[in-house]
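# Structural features, examined
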Amino acid sequence: MGKLRPREGEWLVSSHMGRPCPPWSLLLLLLLGTLLSWSLGGNAQGPGEWTPWGSWTRCSSSCGQGVSTRSRRCIRFPGEELCWGDTHEYRLCHLPDCPASAVPFRDLQCALYNGRPILGTEKTYQWVPFYGAPNQCDLNCLAEGHAFYHSFGRVLDGTPCSPGMEGLCVAGRCLNAGCDGLLGSGAREDHCGQCGGANDSCLFVQRVFRDAGAFAGYWNVTLIPEGARHLRVTHRSRNHLALMGADGSYVFNGNWAVSPPGTFETAGTHVVYTRAASRPEETLHAAGPTSHDLLLQVLLQEPNPGIEFEFWLPRERYGPFQAQAQALGWPLRQPQPREVEPQPPEPPATPAATPPRASTPAPEPCAPCPDTRGRAHRLLHYCGSDFVFRARVLGRHRQAQETRYEVRVQLVYKNRSPLRTREYLWAPGRCPCPPLAPHREYLLAARRLVSADGTQDRLLLPHSGYARPWSPAEDSRVRLVARHCPV
């Protein structure tokens, strides 16, 4: 998007051939640049510097959606590289809706060629937009009453890519606006509702309600606190979920009456309640955030096999909810690693009491790990993992078929549930690939592995997964690849 070409960089050089000389401040800068190049042996001195961004232009449209642009220039000394980044930024601008009688923007551009001869002939045509061409950001217009279309070059910036799509054409490319309003930025809201965030301002709540119930009727499952986002509830039984508002009235399935599936508006969000037709299963989804507390209940008609629910909650509201959860006896995700207290040394055994040892075969040496370097490997594991974080390895314990690392989490790049400061990280096999050395820091991509009965909940480092020694360069690569994960 607006990449800088070599001719677009401005060179700071002195003027000759009778031209006026630059000011003394510029000559001093040139002298300083020359001295720096000598001290560095004449090598490239890194990228140049950008000028400040200019002002945003007026919106490309007079109603509806359009594009506003701003630009900057690269200033560099001889020997310096081009500036890193883009020369232009494009911002989505919103104006009052166009009247129903307004002619669409693409139609207006095609109509400009009505009655004009094309293709070197004297024939003229009436043109209307054609959306079946490969590049939707070309001005492809169909000749009315004929079976051909003609491309008149690019559409103007701010033209919708096609009817019903949110993307707008900019410099011949169809771009969508990120949550920051910039076209092509790829910025998305995290689970906490923060634009470009890393899920660090909220925490993930995930529980299974297993109370079988002593009698048929309504049973409380959980309180859904104010501010909850991305609510999901599911169960597989002939029981029925019920939702109650803060005023004590039911949203659906209340007062012993089963409501039809549908979308219900409550607590400032839309709650989607579904019921499978071919099997006993119900689900509940809501994007949130909820504007006040909700109470989730279940109308029991048979023993409860388990109701799974999850949502993301602001950190300041997590403490009271956690206290309630522990009071109700809900299990936590996994035990936190604890420091091992040093034990007093055992007295050495006397030679007479030492039984003869049987010779044990030496373990086979570990095979070399496959090469997992490269951007494609990093992208695959970052986008497909549940957790990406920086951690220091505190210890390692090898068992017959797996290896357990104890790590201290220092920085979280991606997480689908809360991570504690100290965690266990499991790797398959006695010779995990890649191996982690104690007392070193790594960037790790891990998955969450839950057993079928819910008794084990682990962080898993897959074989040939992503585990790189931490460095500022690798940190930058991870932050860059996060912008390219599919939605």
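Residues numbered from 1 in each chain as written. Predicted model: local features only at pLDDT ≥ 70, side-chain atom pairs only at ≥ 80, totals over all residues. Heavy atoms only, no water.

Attention shifts here to the overall build of the chain. Looking only at helices and strands, the chain has 5 helices and 27 strands in total. Put simply, the chain has 487 residues, and 37% of those count as buried. Counting contacts in the chain only where the partners sit at least 6 residues apart, residues at least 24 apart contribute 63% of the total. Accessible area for the chain stands at about 28700 Å²; split by element, carbon and sulfur atoms hold 56% of it. (Helix = DSSP H or I, 4+ residues; strand = E, 2+ residues; numbered from the N terminus. Buried < 20%, exposed > 50% of the residue type's maximum accessible area, 1.4 Å probe, protein only. Contact = heavy atoms within 4.5 Å. Areas by Shrake-Rupley, 256 points an atom, 1.4 Å probe, with all protein chains shown as cover.)

With 6 of 7 residues buried, strand β24 (residues 422-428) is to be regarded as a mostly interior element. Bridge count between strand β23 (residues 402-415) and β24: 7 bridges; the pairing is antiparallel. Residue pairing in the sheet places Val407 in a bridge with Glu423 of β24. Taking the residues between adjacent antiparallel strands as the criterion, β23 and β24 are bridged by 6 residues. Pairing between β24 and strand β26 (residues 457-460): 2 bridges, direction parallel. Within β26, the residue paired with Trp426 across the bridge is Leu460. (Pairing = 2+ DSSP bridges.)

Note that Arg106 resides in helix α2 (residues 105-111). We note that Arg106 is buried and unpaired, the nearest opposite charge coming from Asp107 at a distance of 6.8 Å. A polar side-chain atom of Arg106 sits 3.2 Å from the main-chain carbonyl oxygen of Asp138. A distance of 2.9 Å separates a polar side-chain atom of Arg106 from the backbone oxygen of Pro160. Among all residues touching Arg106, those that are not within four sequence positions of it are Pro129, Tyr131, Gln136, Asp138, Leu139, Val155, Thr159, Pro160, Cys161 and Cys169. (Lys, Arg positive; Asp, Glu negative; His and termini not counted. Salt bridge = Lys/Arg side-chain N within 4 Å of Asp/Glu carboxyl O. Polar contact = N/O pair within 3.5 Å; in protein donor to acceptor, adjacent residues only side chain to side chain.)

In this section: the packing of aromatic side chains. The geometry of two aromatic rings is summed up by the distance between their centres and the angle between their planes. Evaluation of the coordinates by the stated rule reveals 13 aromatic pairs. Each ring, one from Phe252 and one from Phe264, has its centre 5.1 Å from the other, and the planes form 35°; the classification is tilted. On the criterion of sequence distance, the pair formed by Phe252 in strand β16 (residues 250-252) and Phe264 in strand β17 (residues 262-266) is long-range, its members being 12 residues apart. A residue is classified by how much of its surface remains accessible, and Phe252, at 1% relative accessible area, is buried. For Phe264, a relative accessible area of 18% puts it in the buried group. Taken together, Tyr113, Tyr125, Trp127, Phe148 and Phe152 form an aromatic cluster joined through their ring pairs. The aromatic ring of Trp470 is capped on one face by Arg390, whose charged end is 3.8 Å from the ring centroid. Directly above the aromatic system of Trp426 lies the positively charged group of Arg458, at a separation of 3.6 Å from the ring centroid. (Phe/Tyr/Trp six-rings, centres within 6.5 Å; stacked < 30°, edge-to-face > 60°. Lys NZ or Arg CZ within 6 Å of the ring centre and 35° of its normal.)

Okay, the sheet that holds strand β6 (residues 127-129) next. Spatially, β6-β7-β8 is the arrangement adopted by the 3 strands of the open sheet, whose pairing is antiparallel. Two strands in the sheet have a free side with no partner beyond their single neighbour: β6 and β8 (149-154). On average, each strand axis in the sheet is tilted by 40° relative to the strand beside it, whichever way the strands run. The sheet contact formed by strand β7 (residues 138-143) and β8 spans 4 bridges and is antiparallel. Across the sheet, the residue bridging to Asn140 is Ser151, located in β8. (Axes fitted to C-alpha atoms, helices over the stretch in contact; angles between N-to-C directions.)

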